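Fold and contact review
What follows is each chain in one-letter form.
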Amino acid sequence: GGSYSSIGGIYMTGKSTFAMTSGSVTGNAATETSGVWPETSDLWLGSEVVGTISGGTVGKVFVNANSSAMVGAGLTVSQAEGATTMITQVYLEADDGYTSKLTKSGGTITTLKIAQDMDSTHASVQTISNPTNGTYGSYSKVAKIGETYYDDLATAIGAAQANNTVKLLKDISNLDISSVEKNNGYYTVNKAITIDGDGHTITVTAGSKTSGDTWDKDNGRAHVFNVTAGDVTITNLTIDGGGSDKSRSGINVYQANNVTLNNVTVKNCSVGVTVNASIVTADGLKTSGNKWSDDDQQGVNVDNGGASITVTDTGSNATSIAEAIKVEGGSATLNSGNYGSLEVTDGAGTITKATGVTLAAPEGYYWKNDTLTKAVATVTVGTGDGAVTTSYDSLADAFAKANEAGGTVKLYQDVEIDGTVTINKAVTIESKTGSTYSIKASGSFTTGSGNAGNCLLNVTSTGDLTLKNVKVDASGKTTRVILCTSGKLNIDGATVTGGSYSSIGGIYMTGKSTF
């Protein structure tokens, strides 16, 4: 029934102690109706008050720590045996450098509100329905190291010493990184520290694209985090880059070893995480919405020799990389998790996966004992939805398959053959898109007898061979390049060269052949 000023029920201040094991504190009101005061009607714990509620019913509780306090206010909520603890709302608020805490180990709190800015509007308020057991806090500062508080995260990182933990105390909702130079980071981590996001989110709202007519002109020029030191850990943090035109990499790791990402989410950047000449372990990494361009979406990019990433998925840390892992010049170990796709370039190192990981090998590669292996060639049999493509690490095996029922042999590297290859089905030999590979006689190439035994490719009367964007080269051997006896030969952008034999070293079409 109380009704007065900012609190109508119980006002605890100074160095008071409050304990409640049963009973009811409800139905009170604050006569102040502006700002935060409607949240404060039943029980106010302020200054240095220590409060415990282990039973009973309470309406609205306001926990305040401000400049009047020496150490900050705190409330512990539990439920004693045989008791019932019911609280309608707990509201936490703290002034600069102070902490307003709730520790919950039992009972029911219908709504928890946490004000992260102690001002007249309380514009930044986090609302949690039915909060679970745990510790919650309101901080007006952004970050802390130990019990030293900082106005912004960059200052805290700059002040940290080796092996310190920088803890983020609140969301950073309006980060402007537009003034940062290309390939630098708004947050530069150049010492062995831990950055504990404590479940908070950093959101970029302003950034600058790379200027000039360059290949990356549509992408953000600055990273959110740029890690240049070893033994760095980033944990329990979400990074929202605000769009690929604002942020380059959410986390760029450059020439740094033993970097750990634990329960980190990176989204809406040009690239989620870049590993450049560094060694990174990621547990519970989540990426989404990262895209360099519409057809180049990278959750993780591993670049330059010696770079590696090991991805795990332990406990409650569920790894989910929605876009591609792109390995351009390093290695990757994928122990568990869900992945969108895998992309590799010719300079990639060893890539392995756990047996239970489902991840399609990129074109021209296949999984061999869970290690990504580059194919010499693939053979595709059939067309449309019924097409079946198989990878081979031997050209002889690929040709053997193609000669069973015909098909397309696609080369993914230059190859050498030790003897004549006979084509007796409808077979197309082509290089992968954008490349031209060679079929050459090896140093141990062995010729046989007659025309059929003195050529690289022998097309029989049942054979129908199409050569597209390949080079068939007999240089260094006294042998013909192609013999076609009553078969079909189609040249479509191919090169036939280097042959030397009898009356014709290149292509010898005879019988009822078609060329």
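Just so it is clear, the structure is predicted and the values come from calculations on it, not from any experiment.

1. Overview of the overall build of the protein chain
For the protein chain, the helix and strand inventory stands at 2 helices and 47 strands. Taken over the C-alpha trace, the protein chain has a radius of gyration of 34 Å; the compact-globule value for 515 residues is 24 Å, which it surpasses by more than 25%. When the backbone C-alpha atoms are referred to their principal axes, the protein chain occupies close to 115 × 50 × 35 Å. When burial is assessed residue by residue, the protein chain has 48% of its 515 residues classed as buried. For the protein chain, the accessible surface area stands at approximately 21,800 Å², while carbon and sulfur atoms represent 44% of it.

2. Notes on the side chain of D283
Within the secondary structure, D283 sits in strand β24 (residues 279–283). It turns out D283 is buried and unbridged, and the closest side chain with the opposite charge, K286, is 8.6 Å from it. Separated by 3.4 Å, the side chain of D283 and the backbone nitrogen of D313 make a polar contact. Ignoring anything within four residues of it in the chain, the contact list for D283 reads L261, N262, N263, T312, D313, T314, N317 and T319.

3. Thoughts on the sheet that holds strand β37 (residues 415–417)
Strand order across the open sheet formed by 4 strands is β37-β40-β43-β46, with parallel pairing between neighbours. Of all strands in the sheet, those with a lone pairing partner are β37 and β46 (495–497), marking the two edges. Strand after strand, the sheet turns through a mean of 15 degrees between neighbouring axes, direction not considered. With 3 bridges joining them, strand β43 (residues 470–473) and β46 adopt parallel strand pairing.

4. Details of the pattern of salt bridges
Evaluated as defined, the whole model comprises 9 salt bridges. Here D294 ties to K291 by a salt bridge, and the two come within 2.9 Å at their closest N and O atoms. Here D370 makes a salt bridge to K353, at a shortest N to O gap of 3.0 Å. Of this pair, D370 sits in the loop between β32 (365–368) and β33 (371–374) while K353 sits in strand β31 (residues 351–353); the two residues are 17 residues apart in sequence, bridging distant segments of the chain. For D370, a relative accessible area of 19% translates into the label buried.

5. A word on the environment of N290
Summarising the element assignment, N290 is placed in the loop between β25 (286–288) and β26 (298–303). Between the alpha carbons of N290 and C269 there is a distance of 4.7 Å; along the sequence they are 21 residues apart. Among the polar contacts made by the side chain of N290, one reaches the main-chain carbonyl oxygen of V266 at a distance of 3.1 Å. Side-chain polar atoms of N290 contact the side chain of E323, separated by 2.9 Å.

6. Section: unusual backbone geometry
With phi around 40 degrees, S5 is a residue other than glycine that occupies positive phi space. Tracing the backbone shows S5 in the segment before β1 (10–12). For S5, a relative accessible area of 25% translates into the label partly exposed. Phi angles above zero are rare outside glycine, and D198 is one such case at about 50 degrees.

7. A short note on the packing of aromatic side chains
Inspection of the entire model under this criterion finds 5 aromatic pairs. Both rings, one in W44 and one in F62, keep their centres 4.8 Å apart while their planes meet at 55 degrees; by these two values the pair is tilted. Taken together, the residues W44 in strand β4 (residues 43–45) and F62 in strand β6 (residues 56–65) connect sequence positions 18 residues apart. The pair W44 / F62 is uniform in exposure class, with both members buried. Put simply, the rings of Y11, W44, F62 and Y91 pair up and form one aromatic cluster.

8. Quick look at the sheet that holds strand β36 (residues 407–411)
Strand order across the open sheet formed by 6 strands is β35-β34-β36-β39-β42-β45, with mixed pairing between neighbours. Every interior strand has two partners, whereas the edge strands, β35 (388–392) and β45 (488–492), have only one. Each strand of the sheet is rotated relative to its neighbour by a mean of 15 degrees, with strand direction disregarded. Examined bridge by bridge, strand β42 (residues 464–468) and β45 share 5 bridges and lie parallel to one another. Paired with K468 across the two strands is D492, which belongs to β45. Against the sheet, helix α2 (residues 395–405) contacts β34 (377–381), β35, β36 and β39 (426–431), and its axis sits at roughly 165 degrees relative to β36.

9. Describing the nonpolar core
Membership of the largest hydrophobic core comes to 61 residues, with the highest contact counts inside it found for L153, F225, I234 and I251. In terms of residues, this core owes the most to one element, strand β22 (residues 259–267), which gives 4 residues.

10. As for the environment of V273
With respect to the secondary-structure elements, V273 resides in strand β23 (residues 271–276). Judged by its relative accessible area of 0%, V273 falls in the buried class. Spatially, the C-alpha atoms of V273 and R480 are 53 Å apart, while their sequence positions differ by 207 residues. When sequence neighbours within four positions are dropped, the list of residues in contact with V273 reads I251, L261, V266, L285, G299, V300 and N301.

11. Thoughts on α2
Given 3.6 residues per helical turn, the α-helix brings residues three or four places apart onto the same face. Those residues of α2 not exposed but buried are L395, A398, F399, A402 and N403. Buried residues of α2, seen end-on, are gathered within an arc of 130 degrees and therefore sit on one face of the element. The exposed set on the far side of α2, more than 90 degrees from its buried face, consists of A396, E404 and A405. The secondary structure elements touched by the buried residues of α2 are β34, β35, β36, β37, β38 (421–423) and β39. For α2, the N-terminal capping position is held by S394, with its side-chain oxygen 3.3 Å away from the main-chain nitrogen of A396. Immediately beyond the C-terminal end of α2, within one or two residues, lies G406, with a positive phi of roughly 85 degrees.

Reading guide: rules and limits
Residues numbered from 1 in each chain as written. Predicted model: local features only at pLDDT ≥ 70, side-chain atom pairs only at ≥ 80, totals over all residues. Heavy atoms only, no water. Helix = DSSP H or I, 4+ residues; strand = E, 2+ residues; numbered from the N terminus. Rg over C-alpha atoms; globule rule 2.2 N^0.38 Å. Buried < 20%, exposed > 50% of the residue type's maximum accessible area, 1.4 Å probe, protein only. Areas by Shrake-Rupley, 256 points an atom, 1.4 Å probe, with all protein chains shown as cover. Lys, Arg positive; Asp, Glu negative; His and termini not counted. Salt bridge = Lys/Arg side-chain N within 4 Å of Asp/Glu carboxyl O. Polar contact = N/O pair within 3.5 Å; in protein donor to acceptor, adjacent residues only side chain to side chain. Contact = heavy atoms within 4.5 Å. Pairing = 2+ DSSP bridges. Axes fitted to C-alpha atoms, helices over the stretch in contact; angles between N-to-C directions. Phe/Tyr/Trp six-rings, centres within 6.5 Å; stacked < 30°, edge-to-face > 60°. Core = buried A, V, L, I, M, F, W, Y, C linked by side-chain atoms within 4.5 Å. Arc of directions from axis to C-beta.

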